[in-house]
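Structural characterization, general
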Amino acid sequence: MTRKSADGGRSTIRDVAARAGVSAATVSRVLGGVYPVSATTRTQVLRAVRELDYVADARAKAIAGAGTPTLGFVLDDITGPSFALMAHGVEREATRLGHLCLVCSTDGDAAHEADFIETMRAQRAAAVILVGGGADTPEYRSRTARVADGLAAAGSRLVLCGRPPLDPGAPVTVIEYDNEGGAYALCAHVLSQGHRRILFLGGKPEHTTAQGRERGYLAAHRARGVETDPALRLTGDFTRDSGYRSTRRALEEGLDFTAVMASTDMVAAGALTALREAGVSVPGDVSLVGYDDIPFARDLYPPLTTVRVPYEELGRLAVRTALERGRSAADEHLLLGTHVVVRESVGAVGGGVSSAG
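Residues numbered from 1 in each chain as written. Predicted model: local features only at pLDDT ≥ 70, side-chain atom pairs only at ≥ 80, totals over all residues. Heavy atoms only, no water.

Another aspect to go through is the overall build of the protein chain. The secondary structure content of the protein chain amounts to 12 helices and 12 strands. Evaluated residue by residue, the protein chain yields a buried proportion of 50% over its 357 residues. Across the protein chain, the fraction of contacts at a sequence separation of at least 24, relative to all contacts at a separation of at least 6, is 74%. Looking at the protein chain as shown, the accessible area adds up to about 15800 Å², and 50% of this sits on carbon and sulfur atoms. (Helix = DSSP H or I, 4+ residues; strand = E, 2+ residues; numbered from the N terminus. Buried < 20%, exposed > 50% of the residue type's maximum accessible area, 1.4 Å probe, protein only. Contact = heavy atoms within 4.5 Å. Areas by Shrake-Rupley, 256 points an atom, 1.4 Å probe, with all protein chains shown as cover.)

Moving on, we come to helix α10 (residues 240-252). Look at α10: 18 Å from first C-alpha to last across 13 residues, which is about the 18 Å you get at 1.5 Å a residue. Regarding α10, the residues found buried are S242, G243, Y244, S246, T247, A250 and L251. Next to the buried residues of α10 lie β6 (198-201), β7 (233-234) and α11 (265-277). (Expected span 1.5 Å × (residues − 1).)

This part covers the sheet that holds strand β9 (residues 287-289). Reading across the sheet, the four strands line up as β7-β6-β8-β9 and stay open at both edges, with parallel pairing between neighbours. A single partner strand is all that each edge strand has here, and the edge strands are β7 and β9. Where β6 meets strand β8 (residues 259-262), four bridges bridge the pair, whose relative direction is parallel. Counted as the bridge partner of I198 is A259 from β8. Across the sheet, helix α8 (residues 179-192) is in contact with β6, β8 and β9; its angle to β8 comes to roughly 170 degrees. Of the strands in this sheet, β6, β7 and β8 are in contact with helix α9 (residues 208-223), which crosses β6 at around 165 degrees. (Pairing = 2+ DSSP bridges. Axes fitted to C-alpha atoms, helices over the stretch in contact; angles between N-to-C directions.)

On to the sheet that holds strand β1 (residues 70-75), then. Spatial ordering of the open sheet is given by β2-β1-β3-β4-β5-β11, a layout of six strands whose pairing is parallel. Two strands bound the open sheet, and with one partner strand each, they are β2 (100-105) and β11 (332-336). Across the sheet, the mean angle separating the axes of adjacent strands is 15 degrees when strand polarity is ignored. Taken together, the six bridges between β1 and β2 define a ladder with parallel strand orientation. In the sheet register, V74 faces β2, and the bridge partner there is C104.

The subject of this paragraph is the pattern of salt bridges. Opposite charge on two side chains allows them to pair when their charged atoms are near. Counted under the stated rule, the structure contains 21 salt bridges. For D256, the salt bridge goes to R197, with nearest N and O atoms at 3.6 Å. Here D256, found in the loop between α10 and β8, pairs with R197, found in the loop between α8 and β6; they are 59 residues apart in sequence, far enough to count as distant. By relative accessible area, D256 is classed as partly exposed at 35%. Judged by its relative accessible area of 27%, R197 is partly exposed. Among the charged side chains, a salt-bridge network with shared partners connects E93, R96, E312, E313, R316 and R320. (Salt bridge = Lys/Arg side-chain N within 4 Å of Asp/Glu carboxyl O.)

Given below as structure tokens:
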């Protein structure tokens, strides 16, 4: 049962300081774990914490050794279906291994991400898992390597999931899935149905995930001696609205295509709506494929042919690797496979579209 302070409320940091015979600032230093204090002082403070049952929050409790150890999970947007699946895997595996998972959704704000990582470092989190693609630049490698070094010095481990790897030797675990291989197999399936003009709805050009999927698209064409039309490669982002806008644009500009290869299932959902509004039948007139195999892909009409990415297992593996095998200083790089899930949205080449819907 939680002890009460002198005024009848919950114990405060000042109560702990008074019991331990130190200042409140010293209590903060001990609980934060980032400033050196003597072993005697630390023992006095932690004894007072236990006796008063003082807990500033769950993270402080973990740091004080009185609760569950933590790990941090950082992603751009937790509402994205693929990210949500990965977060579920991370949380389930962290719980199984006795860790508290703290999630930070940054909305792409690099400063917010940096602040959260620094908080995790200061609190001696067992690991910090960063999720999502990005631009592979010298600045990114330098900045992330510093983060990895800082976490390693604090006894933590940086795990990159789907992010660009760092230079060899960095104390980091990289877990990826085969973006290019999955896109290659998917595009090869569409080409095998006789399609030769495949509209590709890509992501941001600088985004490494988008780059990998476009490379697979191009490689599949080269392997079959099919020339690609640059006009059929459109950029956007990985959202439903982007797929809708890009498909509308292709229809309005009169692009000639018989199939659409969307960079994600969300993009494919937007494309499907735009095609239907234009009176284009899928797969009768135009075939359509996505990427990710998020749960609703099978519930679209027609059910969507796509690439299966094991997002939940990716999250589980990130936790297991960081906590069970990621304590060494050396870098570690794992690659998960993907595979095509064939459903009903692809048919033999049909009439296609070549004019505004």
